[in-house]
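Listed below are the residues making up each chain.
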Amino acid sequence: MLKLVLEPGDNLDRSLSAAARQLERIVEEGIKEGYVRVRAYPRPDVVVASAAILSMLYSFGIRPLFKVSVRQPSSIDVPTILIGYNNPNYKSRDVSSSLLSVSLEANNPPPPSATYISGQGSVPAMLGLMMSKAGASYGRREYLLLLFSATYWGGFIEKTGKMHGLDKLLYDALVEADTGLEILNTLKVYKPMSMTLCQAISKTIDPYYPGLTGDPEGCVDLLQGNGAGDLAGRVVATLKREELEKAALIILSHIREVVGRDVDVGEYVAGLTLSRVLNFDPRLRANSILYAIDLERDLTPIVSIASQLDTVIEKVEDYHIDISSYFADIIEGIKLVKTKVQPWIRGYKIVSESKTSPLFMWRALKLSGRVGDSPLLFEVNGKLCASTLQVEEALGYGEAKKLVDVKAVEEVGLSLCVKESA
């Protein structure tokens, strides 16, 4: 049994070495057994991080037994990696094989054969530092960059881009590894290092730019009409500070006019991490994976990505960038109906036959001022269902599990469902 807390300071290196040894132990057992069970809690950052774990296991010839659920396994009878399950509470009788749990909190003592790891950072950051410490076979650059991408959903990077705790240390480690990572103060757009200003704004769905996402010509007209047409065709990363401020003022004023309310500048302007050397945009990578998973509400996309990480990830990103017009049409034409399913379940019923990611739909509608933190509900086979990822992001860590535990909803894949007549 072993309990480790990873936190910045003099003891971190020793703790990371111990954590890395436990990861290596699970992998060694997996090589002997032929498989390792990986169970992930349905949080956006945890689900993206799971792709790196799966890909690492595939590289060792290990077959992952993968599932995403609000509930952790009742017993541990095969080598198991749990990610994102706060405060695991296994007893000795429950554990007959090796267990490695990585979560934000781990207050309970682990039983024999179990290791509980928690720390002052997101789950992806903890995994990234552990895998980097374990050596080259575990800490391949593509795994670490994917884990860093996941940190953007982990709660330790502010919307302004400021990083905290272990997440900042993972960034520092990647900079030292010659990945070319840097922080660019700019508009929050996809691929600012290679796309022009209006191209990037029109292709970005998170954050959603009302009236501009999906419409590059509208962006050009807006800038030209305000005396800044020369900026429309400039690559975003080449804009000087005064040029960026000029463009941001025009764009934010336009958004305020469209949504009819004040806009939080931090939602649209921030210090973004990117690598021009690798043409790598962490937010785009994480968002592309999440959109694909949430669109299908099953695990097929993430398994495909993990098993062919080098080739599939670029296709997933290209698809995500290409949906902006379709996505904008859905957001602008969507009909919302406030619905009270049960006294403790209220949400917005979506009256639309178009299919998109509820998580990103909710983020866009929230920025537009049309919804709050309540879930978006869809009719599925006579039931009203919500995306588990969207519920977790809107209501907070662990809220999906609470709803399942009290039998208010039923977990169906990556959805939470309830009979409409309840």
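Refer to the structure presented above.
The present account deals with the structure reproduced in this document. (Residues numbered from 1 in each chain as written. Predicted model: local features only at pLDDT ≥ 70, side-chain atom pairs only at ≥ 80, totals over all residues. Heavy atoms only, no water.)

### Considering the packing of aromatic side chains
Next up, step 1: Counted according to the given criterion, the structure contains ten aromatic pairs.
Next up, step 2: Here Tyr41 and Tyr85 contribute two aromatic rings whose centre-to-centre distance is 5.7 Å and whose plane-to-plane angle is 85°, an arrangement assigned as edge-to-face. Here the residue Tyr41 occupies a position in the loop between β2 (35–40) and α2 (44–59), and Tyr85 occupies one in the loop between β4 (80–83) and β5 (99–102), the gap between them amounting to 44 residues. For the pair Tyr41 and Tyr85, a shared accessibility class is recorded, and that class is buried.
Next up, step 3: With a centroid separation of 6.1 Å and 70° between ring planes, the pair formed by Tyr208 and Phe327 is classed as edge-to-face. Here Tyr208 is found in the loop between α6 (197–203) and α7 (216–225), whereas its partner Phe327 is found in helix α12 (residues 324–333), with 119 residues between them in sequence.
Next up, step 4: Assessed through its relative accessible area of 1%, Tyr208 is described here as buried.
Next up, step 5: A relative accessible area of 0% means that Phe327 is categorised as buried.
Next up, step 6: The structure contains a cluster of three or more aromatic residues connected by ring pairs, namely Trp153, Tyr291, Tyr319 and Phe360. (Phe/Tyr/Trp six-rings, centres within 6.5 Å; stacked < 30°, edge-to-face > 60°. Helix = DSSP H or I, 4+ residues; strand = E, 2+ residues; numbered from the N terminus. Buried < 20%, exposed > 50% of the residue type's maximum accessible area, 1.4 Å probe, protein only.)

### Details of the pairing of strand β10 (residues 345–351)
Next up, step 1: By the criterion of burial, β10 is predominantly enclosed, with five of the seven residues buried.
Next up, step 2: The pairing of strand β9 (residues 335–342) with β10 spans seven bridges and is antiparallel. The residue bridging Thr339 from the neighbouring strand is Gly347, located in β10.
Next up, step 3: Where β10 meets strand β11 (residues 376–380), two bridges bridge the pair, whose relative direction is parallel. Bridge pairing links Tyr348 to Leu376 in β11.
Next up, step 4: After leaving β10, the chain enters helix α13 (residues 358–367) and then returns to the sheet as β11, a path that is right-handed. (Pairing = 2+ DSSP bridges. Right-handed = clockwise from strand over helix to strand, strands pointing away.)

### Overview of helix α8 (residues 241–259)
Next up, step 1: Between its terminal C-alpha atoms α8 stretches 27 Å, which fits the 27 Å expected from 19 residues at 1.5 Å a residue.
Next up, step 2: Within the sequence span of α8, burial applies to Glu243, Leu244, Ala247, Ala248, Ile250, Ile251, Leu252, His254, Ile255 and Val259.
Next up, step 3: For α8, the secondary structure elements touched by its buried residues are β7 (181–187), α6, α7, β8 (269–275) and α13.
Next up, step 4: Gly260, located one to two residues past α8, shows a positive phi value of around 70°. (Expected span 1.5 Å × (residues − 1). Contact = heavy atoms within 4.5 Å.)

### Notes on the side chain of Ser69
Next up, step 1: Looking at where Ser69 falls in the secondary structure, it is placed in the loop between β3 (63–68) and β4.
Next up, step 2: Among the residues examined, Ser69 registers a relative accessible area of 5% and is labelled buried.
Next up, step 3: Among the polar contacts made by the side chain of Ser69, one reaches the main-chain amide nitrogen of Arg71 at a distance of 3.1 Å.
Next up, step 4: For Ser69, the residues in contact, after removing those within four places along its chain, are Arg39, Ala40, Tyr41, Pro42, Tyr85 and Glu411. (Polar contact = N/O pair within 3.5 Å; in protein donor to acceptor, adjacent residues only side chain to side chain.)

### Quick notes on the state of the cysteines
Next up, step 1: Overall, the coordinates contain two disulfides when judged by the stated rule.
Next up, step 2: Between Cys198 and Cys219 runs a disulfide, and the two sulfur atoms are separated by 2.1 Å. Taking the torsion about the S-S bond as the criterion, the Cys198 to Cys219 disulfide, at about -75°, is left-handed. Here Cys198 is found in helix α6, whereas its partner Cys219 is found in helix α7, with 21 residues between them in sequence. As far as the burial class goes, Cys198 and Cys219 line up, both buried.
Next up, step 3: Between the sulfur of Cys385 and that of Cys417 lies a disulfide, 2.0 Å long from S to S. Since a negative S-S torsion denotes a left-handed disulfide, the Cys385-Cys417 link at about 110° is right-handed. You can see Cys385 sitting in strand β12 (residues 383–387) and its partner Cys417 sitting in strand β14 (residues 415–419), a full 32 residues away along the chain.
Next up, step 4: The buried category is assigned to Cys417, whose relative accessible area is 7%.
Next up, step 5: Here the chain pairs its bonded cysteines, counted in sequence order, in the arrangement 1-2, 3-4. (Disulfide = S-S within 2.5 Å.)

So, to be careful, I would describe these as geometric facts and stop short of saying anything about function.
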